[in-house]
Amino acid sequence: MLKVQKFVVNMVEENCYVLSDESKEAVIIDCGILYPEETDAFRTYINDNELKVTHLINTHCHFDHIFGDGFIYKTYNILPEMSRKEVQLYKQLPKQLEMFLHRELPIIQPPIGRIFDAGETITFGTHTLDIIATPGHTSGGVCFYCEEERILFSGDSLFYHEIGRTDFPGGNYDSLISSLKNNILTLPEDVTVCPGHGDTTTVGEEKRQNPYLQ
(Lines give C-alpha, C1' and ligand atoms only; values in the text may rest on other atoms or scores of the structure.)
Protein backbone atom coordinates (compact mmCIF):
# COMPACT_ATOMS: atom_id res chain seq x y z
CA MET A 1 0.00 0.00 0.00
CA LEU A 2 1.21 3.46 -0.89
CA LYS A 3 1.80 5.91 1.96
CA VAL A 4 1.70 9.61 1.12
CA GLN A 5 3.12 12.27 3.44
CA LYS A 6 2.61 15.92 2.54
CA PHE A 7 4.88 18.74 3.71
CA VAL A 8 3.60 22.28 3.17
CA VAL A 9 6.73 24.36 2.75
CA ASN A 10 8.39 27.70 1.92
CA MET A 11 6.89 31.16 1.61
CA VAL A 12 4.26 30.17 -0.96
CA GLU A 13 3.04 27.03 0.83
CA GLU A 14 4.11 24.51 -1.77
CA ASN A 15 3.15 20.86 -1.31
CA CYS A 16 6.13 18.50 -1.19
CA TYR A 17 5.15 14.82 -1.15
CA VAL A 18 6.99 11.74 0.10
CA LEU A 19 5.71 8.43 -1.26
CA SER A 20 6.71 5.11 0.28
CA ASP A 21 5.51 1.54 0.62
CA GLU A 22 6.30 -1.63 2.53
CA SER A 23 9.68 -1.85 0.80
CA LYS A 24 10.75 1.32 2.67
CA GLU A 25 11.85 2.88 -0.62
CA ALA A 26 10.72 6.49 -0.95
CA VAL A 27 10.13 8.96 -3.76
CA ILE A 28 10.10 12.72 -3.21
CA ILE A 29 7.91 14.84 -5.47
CA ASP A 30 8.61 18.59 -5.82
CA CYS A 31 10.93 19.29 -2.92
CA GLY A 32 10.32 22.95 -2.13
CA ILE A 33 11.85 22.69 1.34
CA LEU A 34 13.61 25.94 2.21
CA TYR A 35 13.75 26.77 5.93
CA PRO A 36 15.74 24.93 8.64
CA GLU A 37 12.62 23.82 10.48
CA GLU A 38 11.38 22.26 7.25
CA THR A 39 14.57 20.31 6.64
CA ASP A 40 14.49 19.14 10.25
CA ALA A 41 10.89 17.91 9.98
CA PHE A 42 11.65 16.17 6.69
CA ARG A 43 14.77 14.45 8.01
CA THR A 44 12.92 13.33 11.12
CA TYR A 45 10.14 11.79 9.06
CA ILE A 46 12.58 9.87 6.85
CA ASN A 47 14.58 8.63 9.83
CA ASP A 48 11.60 7.71 12.01
CA ASN A 49 10.08 5.67 9.19
CA GLU A 50 13.44 4.15 8.21
CA LEU A 51 12.98 5.16 4.60
CA LYS A 52 15.51 4.94 1.78
CA VAL A 53 15.15 7.81 -0.68
CA THR A 54 15.48 6.47 -4.23
CA HIS A 55 14.07 9.24 -6.44
CA LEU A 56 13.63 13.02 -6.40
CA ILE A 57 11.20 13.90 -9.18
CA ASN A 58 9.80 17.21 -10.37
CA THR A 59 6.44 17.95 -11.98
CA HIS A 60 8.03 21.18 -13.19
CA CYS A 61 10.93 23.42 -12.24
CA HIS A 62 9.57 26.66 -10.86
CA PHE A 63 11.64 27.91 -7.93
CA ASP A 64 9.13 27.01 -5.21
CA HIS A 65 9.19 23.35 -6.25
CA ILE A 66 12.97 22.92 -6.41
CA PHE A 67 14.26 24.92 -3.42
CA GLY A 68 15.09 21.69 -1.58
CA ASP A 69 16.85 19.77 -4.36
CA GLY A 70 20.25 20.76 -2.98
CA PHE A 71 19.30 19.59 0.51
CA ILE A 72 18.16 16.20 -0.84
CA TYR A 73 21.34 15.81 -2.87
CA LYS A 74 23.57 16.75 0.05
CA THR A 75 21.70 14.56 2.55
CA TYR A 76 20.75 11.50 0.49
CA ASN A 77 23.03 11.74 -2.58
CA ILE A 78 20.00 11.73 -4.91
CA LEU A 79 19.90 13.88 -8.05
CA PRO A 80 16.73 15.60 -9.31
CA GLU A 81 14.86 14.04 -12.22
CA MET A 82 12.79 16.12 -14.61
CA SER A 83 11.18 16.40 -18.02
CA ARG A 84 13.49 17.07 -20.92
CA LYS A 85 11.53 20.26 -21.58
CA GLU A 86 12.13 21.56 -18.03
CA VAL A 87 15.93 21.44 -18.05
CA GLN A 88 16.35 25.03 -19.22
CA LEU A 89 13.91 26.30 -16.60
CA TYR A 90 15.78 24.42 -13.89
CA LYS A 91 19.01 26.09 -14.96
CA GLN A 92 17.34 29.50 -14.75
CA LEU A 93 16.74 29.35 -10.97
CA PRO A 94 18.73 32.56 -10.24
CA LYS A 95 16.74 34.38 -12.91
CA GLN A 96 13.50 33.03 -11.45
CA LEU A 97 14.39 34.27 -7.98
CA GLU A 98 15.12 37.72 -9.34
CA MET A 99 11.90 37.77 -11.38
CA PHE A 100 9.51 36.49 -8.70
CA LEU A 101 11.16 37.35 -5.38
CA HIS A 102 13.44 40.23 -6.42
CA ARG A 103 16.29 38.87 -4.34
CA GLU A 104 18.94 36.21 -4.19
CA LEU A 105 18.83 33.19 -1.89
CA PRO A 106 21.71 30.85 -0.95
CA ILE A 107 20.25 27.92 -2.87
CA ILE A 108 22.48 24.99 -3.89
CA GLN A 109 21.52 23.49 -7.23
CA PRO A 110 22.75 19.94 -7.79
CA PRO A 111 23.48 18.49 -11.23
CA ILE A 112 20.54 17.01 -13.11
CA GLY A 113 20.02 13.27 -12.84
CA ARG A 114 17.60 11.41 -15.06
CA ILE A 115 15.92 13.38 -17.84
CA PHE A 116 12.61 11.75 -18.76
CA ASP A 117 9.89 12.08 -21.36
CA ALA A 118 6.14 11.73 -21.04
CA GLY A 119 5.06 8.11 -21.40
CA GLU A 120 7.98 6.79 -19.33
CA THR A 121 7.64 5.51 -15.76
CA ILE A 122 9.22 5.91 -12.33
CA THR A 123 9.49 2.70 -10.30
CA PHE A 124 10.15 2.24 -6.59
CA GLY A 125 9.37 -0.57 -4.19
CA THR A 126 6.26 -2.32 -5.47
CA HIS A 127 4.81 0.75 -7.20
CA THR A 128 5.02 2.50 -10.56
CA LEU A 129 4.30 6.12 -11.48
CA ASP A 130 3.28 6.92 -15.03
CA ILE A 131 4.58 10.23 -16.39
CA ILE A 132 1.76 12.19 -18.07
CA ALA A 133 2.42 15.31 -20.13
CA THR A 134 0.49 18.40 -19.00
CA PRO A 135 2.26 21.36 -20.63
CA GLY A 136 0.79 24.80 -20.21
CA HIS A 137 1.80 26.05 -16.77
CA THR A 138 5.33 25.46 -18.00
CA SER A 139 6.42 24.05 -21.33
CA GLY A 140 7.40 20.67 -19.90
CA GLY A 141 5.03 20.22 -16.98
CA VAL A 142 4.01 16.66 -16.12
CA CYS A 143 1.81 14.78 -13.67
CA PHE A 144 2.71 11.51 -11.95
CA TYR A 145 -0.03 8.86 -11.83
CA CYS A 146 -0.11 5.69 -9.76
CA GLU A 147 -2.81 3.62 -11.44
CA GLU A 148 -2.79 0.90 -8.80
CA GLU A 149 -3.57 3.36 -5.99
CA ARG A 150 -5.74 5.72 -8.07
CA ILE A 151 -3.73 8.79 -7.14
CA LEU A 152 -2.35 11.62 -9.27
CA PHE A 153 0.27 14.21 -8.37
CA SER A 154 -0.61 17.19 -10.52
CA GLY A 155 2.01 19.80 -9.62
CA ASP A 156 0.76 23.24 -10.67
CA SER A 157 -1.23 21.96 -13.64
CA LEU A 158 -4.47 21.24 -11.77
CA PHE A 159 -5.80 22.42 -8.42
CA TYR A 160 -9.11 22.21 -6.57
CA HIS A 161 -11.50 24.09 -8.91
CA GLU A 162 -8.53 25.88 -10.45
CA ILE A 163 -5.77 25.40 -13.01
CA GLY A 164 -2.18 26.60 -13.06
CA ARG A 165 -1.30 30.10 -14.15
CA THR A 166 -0.21 30.38 -17.75
CA ASP A 167 1.09 33.95 -17.80
CA PHE A 168 4.63 32.99 -16.81
CA PRO A 169 7.38 32.46 -19.42
CA GLY A 170 6.72 29.16 -21.19
CA GLY A 171 3.06 29.11 -20.19
CA ASN A 172 0.25 28.51 -22.66
CA TYR A 173 -3.42 28.51 -21.69
CA ASP A 174 -4.70 26.51 -24.65
CA SER A 175 -2.04 23.85 -24.16
CA LEU A 176 -2.89 23.46 -20.48
CA ILE A 177 -6.63 23.16 -21.09
CA SER A 178 -6.08 20.66 -23.88
CA SER A 179 -3.64 18.53 -21.91
CA LEU A 180 -5.89 18.46 -18.82
CA LYS A 181 -9.00 17.53 -20.80
CA ASN A 182 -7.25 14.91 -22.93
CA ASN A 183 -4.75 13.43 -20.48
CA ILE A 184 -6.19 13.93 -16.98
CA LEU A 185 -9.99 14.14 -17.13
CA THR A 186 -9.96 10.86 -19.03
CA LEU A 187 -8.70 9.07 -15.91
CA PRO A 188 -11.22 7.35 -13.60
CA GLU A 189 -13.37 9.83 -11.68
CA ASP A 190 -12.39 8.41 -8.30
CA VAL A 191 -8.69 9.21 -8.81
CA THR A 192 -7.42 11.43 -5.98
CA VAL A 193 -5.57 14.53 -7.21
CA CYS A 194 -2.75 15.85 -5.03
CA PRO A 195 -1.79 19.29 -6.32
CA GLY A 196 1.31 21.42 -5.86
CA HIS A 197 -0.58 23.87 -3.64
CA GLY A 198 -3.76 23.60 -1.62
CA ASP A 199 -6.08 20.72 -0.87
CA THR A 200 -6.66 17.41 -2.62
CA THR A 201 -9.52 16.86 -5.03
CA THR A 202 -10.66 14.15 -7.45
CA VAL A 203 -10.78 13.84 -11.20
CA GLY A 204 -14.58 13.58 -11.06
CA GLU A 205 -14.89 16.75 -8.95
CA GLU A 206 -12.77 18.71 -11.41
CA LYS A 207 -14.59 17.29 -14.41
CA ARG A 208 -17.92 18.50 -12.99
CA GLN A 209 -17.03 21.64 -11.05
CA ASN A 210 -13.81 23.19 -12.38
CA PRO A 211 -14.99 26.26 -14.35
CA TYR A 212 -11.93 26.19 -16.61
CA LEU A 213 -12.59 22.64 -17.79
CA GLN A 214 -16.26 22.79 -18.75
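Residues numbered from 1 in each chain as written. Predicted model: local features only at pLDDT ≥ 70, side-chain atom pairs only at ≥ 80, totals over all residues. Heavy atoms only, no water.

Looking at the overall build of the protein
Then step 1. Helices and strands together make up the secondary structure of the protein, namely 7 helices and 14 strands.
Then step 2. In terms of C-alpha radius of gyration, the protein reaches 16 Å, essentially the compact-globule figure of 17 Å for 214 residues.
Then step 3. Expressed as lengths along the three principal axes of its C-alpha atoms, the size of the protein is roughly 45 × 45 × 30 Å.
Then step 4. Counting only residues that meet the buried cut, the protein has 52% of its 214 residues in that class.
Then step 5. Restricting the contact set of the protein to residue pairs at least 6 apart, pairs at least 24 apart contribute 62%.
Then step 6. Counting only carbon and sulfur atoms, one obtains 49% of the accessible surface of the protein, whose full area is about 9,600 Å².
Then step 7. Mean positive and mean negative side-chain charge positions of the protein (17 and 32 charges, respectively) differ by 3 Å. (Helix = DSSP H or I, 4+ residues; strand = E, 2+ residues; numbered from the N terminus. Rg over C-alpha atoms; globule rule 2.2 N^0.38 Å. Buried < 20%, exposed > 50% of the residue type's maximum accessible area, 1.4 Å probe, protein only. Contact = heavy atoms within 4.5 Å. Areas by Shrake-Rupley, 256 points an atom, 1.4 Å probe, with all protein chains shown as cover. Lys, Arg positive; Asp, Glu negative; His and termini not counted. Charge placed at Lys NZ, Arg CZ, Asp CG, Glu CD.)

Some thoughts on the nonpolar core
Then step 1. Judged by nonpolar contacts, the single largest core of 18 residues is most densely connected at Val-18, Ile-28, Phe-42, Ile-46 and Ile-72.
Then step 2. Among the elements of the structure, strand 1 (3-9), strand 2 (14-20), strand 3 (25-29), helix 1 (36-48), strand 4 (52-57) and helix 3 (69-76) are those that each provide at least two residues to this core.
Then step 3. If near-sequence neighbours (up to four positions away) are discounted, Ile-46 is found in contact with Val-18, Leu-51, Val-53 and Tyr-76.
Then step 4. If you look at the next biggest cluster of nonpolar residues, it comprises 17 residues, including Phe-124, Ile-131, Cys-146 and Phe-153. (Core = buried A, V, L, I, M, F, W, Y, C linked by side-chain atoms within 4.5 Å.)

Quick word on the pattern of salt bridges
Then step 1. Under the counting rule described, the total for this entry stands at 7 salt bridges.
Then step 2. We note a salt bridge from Arg-150 to Asp-190, for which the minimum N-O separation is 3.0 Å. Here Arg-150, found in the loop between strand 9 (142-146) and strand 10 (151-155), pairs with Asp-190, found in the loop between helix 6 (173-184) and strand 13 (192-195); they are 40 residues apart in sequence, far enough to count as distant.
Then step 3. Among the residues examined, Arg-150 registers a relative accessible area of 37% and is labelled partly exposed.
Then step 4. Measuring nitrogen to oxygen at the nearest pair gives 2.8 Å for the salt bridge that ties Glu-189 to Arg-208. One end of the pair, Glu-189, is in the loop between helix 6 and strand 13; the other, Arg-208, is in helix 7 (residues 203-209), with 19 residues separating them in the sequence.
Then step 5. Taking relative accessible area as the criterion, Glu-189 reaches 38% and is therefore assigned partly exposed.
Then step 6. Taking relative accessible area as the criterion, Arg-208 reaches 48% and is therefore assigned partly exposed.
Then step 7. One salt-bridge network, held together by shared partners, links Glu-189, Lys-207 and Arg-208. (Salt bridge = Lys/Arg side-chain N within 4 Å of Asp/Glu carboxyl O.)

A few points about the environment of Val-18
Then step 1. Checked against the element boundaries, Val-18 lands in strand 2.
Then step 2. Overall, the relative accessible area of 0% leaves Val-18 in the buried class.
Then step 3. Residues Val-18 and Phe-7 lie 11 residues apart in sequence; the distance between their C-alpha atoms is 8.1 Å.
Then step 4. Setting aside chain neighbours within four positions, we find Val-18 in contact with Lys-3, Val-4, Gln-5, Phe-7, Ala-26, Val-27, Phe-42, Tyr-45, Ile-46 and Leu-51.

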